[in-house]
Amino acid sequence: MLFNIPNSLTWARIALIPFFVGIYYLPESVVTLEEKNLVATLTFIVAAVTDWFDGYLARYLRQTSAFGAFLDPVADKLMVAAALIVLVHLGRVDSLIALVIIGREITISALREWMAKVGASGSVAVAFVGKLKTAAQMSAIPLLLFEAPVFGFDSIKLGTVLIYVAAVLTLWSMGYYMRCAWPELMKRSR
């Protein structure tokens, strides 16, 4: 099921990444920075909504698949990593914050893969703290991309607070997952 409806939406999310990044490479004589910010923000929001929607459709249409379960988080992590790298390049996110968030995603993905190989994937299932981290991150990134007042709020200040909250929750969730996996790691390291 490489191309059922939910997986097609996930593939579309991946296809948006070059467009999302590429908009910032257009000359200012063609597209102003404000227009680039708007396009990037809307693209990221569409990707985030599509992420929710493809999961809903997979369940509703009974088109869940092992491939979809693999591809969906890959698409999410690629889009978030691309957004963080763009934001670092624009000077709107500190590189240490981006490193913490991207590094955690790589670490936990590898941990989940290893735990699945040893038949213990249930001990690193998605936890509430991980969902909080994702919510903070997915709220912060569009605010930082937009870089203009939103309903009277300074989007950069609010986005910066939220990205720091996301970074703290990132470390907290990584610690949680590592602690859950620790007994299995110790048992298999002998």
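Residues numbered from 1 in each chain as written. Predicted model: local features only at pLDDT ≥ 70, side-chain atom pairs only at ≥ 80, totals over all residues. Heavy atoms only, no water.

## As for the pattern of salt bridges
No. 1: Tallied over the entire structure, the rule returns nine salt bridges.
No. 2: Salt-bridge contacts for R13 lead to D76; the nearest nitrogen and oxygen are separated by 2.7 Å. Residue R13 is found in helix α1 (residues 5–22), and its partner D76 is found in helix α3 (residues 66–89); the two are separated by 63 residues along the sequence. Judged on exposure class, the residue R13 and its partner D76 are both buried.
No. 3: Each of R13, D51, D54, D72 and D76 takes part in one network of salt bridges that share partners. (Salt bridge = Lys/Arg side-chain N within 4 Å of Asp/Glu carboxyl O. Helix = DSSP H or I, 4+ residues; strand = E, 2+ residues; numbered from the N terminus. Buried < 20%, exposed > 50% of the residue type's maximum accessible area, 1.4 Å probe, protein only.)

## Some words on the side chain of T10
No. 1: Along the chain, T10 falls in helix α1.
No. 2: On the basis of relative accessible area, T10 is assigned to the buried category, the value being 2%.
No. 3: One polar contact links T10 to D54, side chain to side chain, over a distance of 2.6 Å.
No. 4: Apart from the residues lying within four places of it in its own chain, the contact partners of T10 are D54, L71, D72 and A75. (Polar contact = N/O pair within 3.5 Å; in protein donor to acceptor, adjacent residues only side chain to side chain. Contact = heavy atoms within 4.5 Å.)

## Examining the packing of α3 against helix α4 (residues 95–117)
No. 1: Look at α3 against α4: their axes get within 9 Å of each other, and the N-to-C directions meet at 165 degrees. One way to sum up the angle between α3 and α4 is to call them roughly antiparallel. The way α3 lies across α4 gives a crossing that is left-handed. Across from K77, V80, A81, L84, I85 and V88 in α3, the residues of α4 making contact are S95, A98, I101, I102, E105 and S109.
No. 2: The residue inventory of the contact of α3 with α4, partitioned by class, reads eight nonpolar, two polar and two charged. (Axes fitted to C-alpha atoms, helices over the stretch in contact; angles between N-to-C directions. Parallel < 35°, antiparallel > 145°, perpendicular 65-115°, else oblique. Left-handed = near helix turned anticlockwise from the far one by under 90°. Nonpolar A, V, L, I, M, F, W, Y, C, P; charged D, E, K, R; others polar.)

By themselves, these observations are geometric and do not establish any function.
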